[in-house]
Amino acid sequence: MRIRVINPNTTWSMTRLIGDCARSVAGPGVDVEAVSPQMGPASIESHYDEALAVPGILDEIARGEQEGVDGYVIACFGDPGLEAARELAHGPVVGIAEAAMRTAAYLGRSFSVVTTLGRTRGRAWDLAETYGTAKACRGVHACEIPVLDLETSPDARERITQACREALAIDESDVIVLGCAGMADLCAHISAEIGAPVVDGVAAAVLTVQSLVTLGLRTSTMEEYAAPPPKPYAGLLGGFSLEAGLRAPTNPATRTHLLQ
Ligand code: 2AL
């Protein structure tokens, strides 16, 4: 089974971290490929960043379809492009916010999200609504560490741990959801420190995709996630035009960076 984990930002060191975390949970016989698009923002911390990350994500899906990938993870907590990706891919596509929030709901009656910057909190709330988990989501908290500083800031791990401890206390919640793919390696440490389950969406999404593929389940094409109607796309998006009867462009727009 081939699972492609797409880090929608273009920071390779983060893609490597995400790939390592994904492979550490994947079952035997599961080949996890961590990729980063050629085009797009270095990190995703705004609606603008999210919008401009989507073409690169769809390009990775188109390539994956040509290469026989079985399922995909979108490894950014805003789940950018998730529904468009489902229209292109034959196999399942799961976002890390979606997987983390749904997984948290198995583990307690309530959860708190701890994310990066305060300006991304609204998106997390919107997604909690979209996935039907808003009732269980008691709060979305920001540690105010920019995405790329997660790797370099010497006290990032302790600041995030403290934010998780405070979130549990303020919200009186049962479970923590980590609100950024760049926090994927912190799960075990934080859980040990605060004594509550801590869900990383990268691991949760990889195992969700693995389960869906194992069960032979794929995205329904009955209605909204059917192949998009073919039409020309102008200018820089010319490579994204779909041919009649095909779900993904045959000539993906950009070069791929594949980190195995
Ligand atoms: C993210 C994430 O997961 N990757 C990224 O670049 N930005 N999310 C976030 N809330 O900052």
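Residues numbered from 1 in each chain as written. Predicted model: local features only at pLDDT ≥ 70, side-chain atom pairs only at ≥ 80, totals over all residues. Heavy atoms only, no water.

Draft legend 1. Fine view of the overall build of the chain. Looking only at helices and strands, the chain has 9 helices and 9 strands in total. Since a compact globule built from 260 residues should have a radius of gyration of about 18 Å, the 18 Å found for the chain is in line with a globular shape. Dimensions along the principal axes, computed over C-alpha positions, put the chain at roughly 55 × 35 × 35 Å. By the burial criterion, 55% of the 260 residues in the chain qualify as buried. In the chain, once contacts between residues fewer than 6 apart in sequence are set aside, the share between residues at least 24 apart is 70%. For the chain, the exposed area adds up to about 11,400 Å²; of that, 53% sits on carbon and sulfur atoms. If you average the places of the 20 positive and of the 32 negative side-chain charges in the chain, the two averages end up 2 Å apart. (Helix = DSSP H or I, 4+ residues; strand = E, 2+ residues; numbered from the N terminus. Rg over C-alpha atoms; globule rule 2.2 N^0.38 Å. Buried < 20%, exposed > 50% of the residue type's maximum accessible area, 1.4 Å probe, protein only. Contact = heavy atoms within 4.5 Å. Areas by Shrake-Rupley, 256 points an atom, 1.4 Å probe, with all protein chains shown as cover. Lys, Arg positive; Asp, Glu negative; His and termini not counted. Charge placed at Lys NZ, Arg CZ, Asp CG, Glu CD.)

Draft legend 2. Just the nonpolar core, in detail. Formed by 79 residues in total, the largest nonpolar core has its most connected members in Val5, Val73, Phe77, Met101, Phe111, Ile160 and Ile176. Here this core spans two domains, and each of domain 1 (2–96 + 205–259) and domain 2 (98–199) adds at least three residues to it. If near-sequence neighbours (up to four positions away) are discounted, phenylalanine 111 is found in contact with Met101, Ala104, Thr133, Ala136, Cys137, Arg138, Gly139, Ser173, Val175 and Val177. (Core = buried A, V, L, I, M, F, W, Y, C linked by side-chain atoms within 4.5 Å. Domains from an automatic or database assignment.)

Draft legend 3. A nonpolar patch on the surface, seen in detail. A grouping of Tyr233, Leu236 and Leu237 is seen on the molecular surface, where their side chains present a nonpolar patch of about 340 Å² in accessible area. Looking at the secondary structure, you find leucine 236 in the loop between helix 9 (201–214) and strand 9 (256–259). Of the residues examined, leucine 236 reaches a relative accessible area of 86% and is grouped as exposed. (Patch = residues over 30% accessible without salt bridge, like charges linked within 9 Å, V, L, I, M, F, W, Y side chains within 5 Å. Salt bridge = Lys/Arg side-chain N within 4 Å of Asp/Glu carboxyl O.)

Draft legend 4. The arrangement of the site of the ligand in detail. Inspection of the region around the ligand gives 13 residues, with Asn9, Ile44, Thr115, Thr116 and Ala181 positioned closest. Here an oxygen atom of the ligand and a backbone polar atom of phenylalanine 77 are 3.0 Å apart. The separation between a nitrogen atom of the ligand and a polar side-chain atom of threonine 115 is 3.0 Å. Protein chains bury 97% of the 300 Å² of accessible surface belonging to the ligand in isolation. Partitioning the shell around the ligand into residue classes produces 7 nonpolar, 6 polar and no charged. Split by domain, the shell around the ligand shows at least three residues from each of two domains, domain 1 (2–96 + 205–259) and domain 2 (98–199). (Near = heavy atom within 4 Å. Polar contact = N/O pair within 3.5 Å; in protein donor to acceptor, adjacent residues only side chain to side chain. Nonpolar A, V, L, I, M, F, W, Y, C, P; charged D, E, K, R; others polar.)

Draft legend 5. Spotlight on the pattern of salt bridges. Under the defined criterion, the tally for this structure stands at 12 salt bridges. Close ionic contact of glutamate 60 with arginine 4 constitutes a salt bridge, the shortest N to O distance being 3.9 Å. Placement of glutamate 60 in helix 2 (residues 47–67) and of arginine 4 in strand 1 (residues 2–6) is noted, with a sequence separation of 56 residues between them. On the basis of relative accessibility, which here comes to 0%, the residue arginine 4 falls in the buried class. With a shortest N-O distance of 3.6 Å, glutamate 158 and arginine 157 are connected by a salt bridge. You can call glutamate 158 partly exposed: its relative accessible area is 42%. The class for arginine 157 is partly exposed, based on a relative accessible area of 41%. Three or more residues are tied together by salt bridges with common partners; here these are Arg2, Arg4, Glu33, Glu60 and Glu67.

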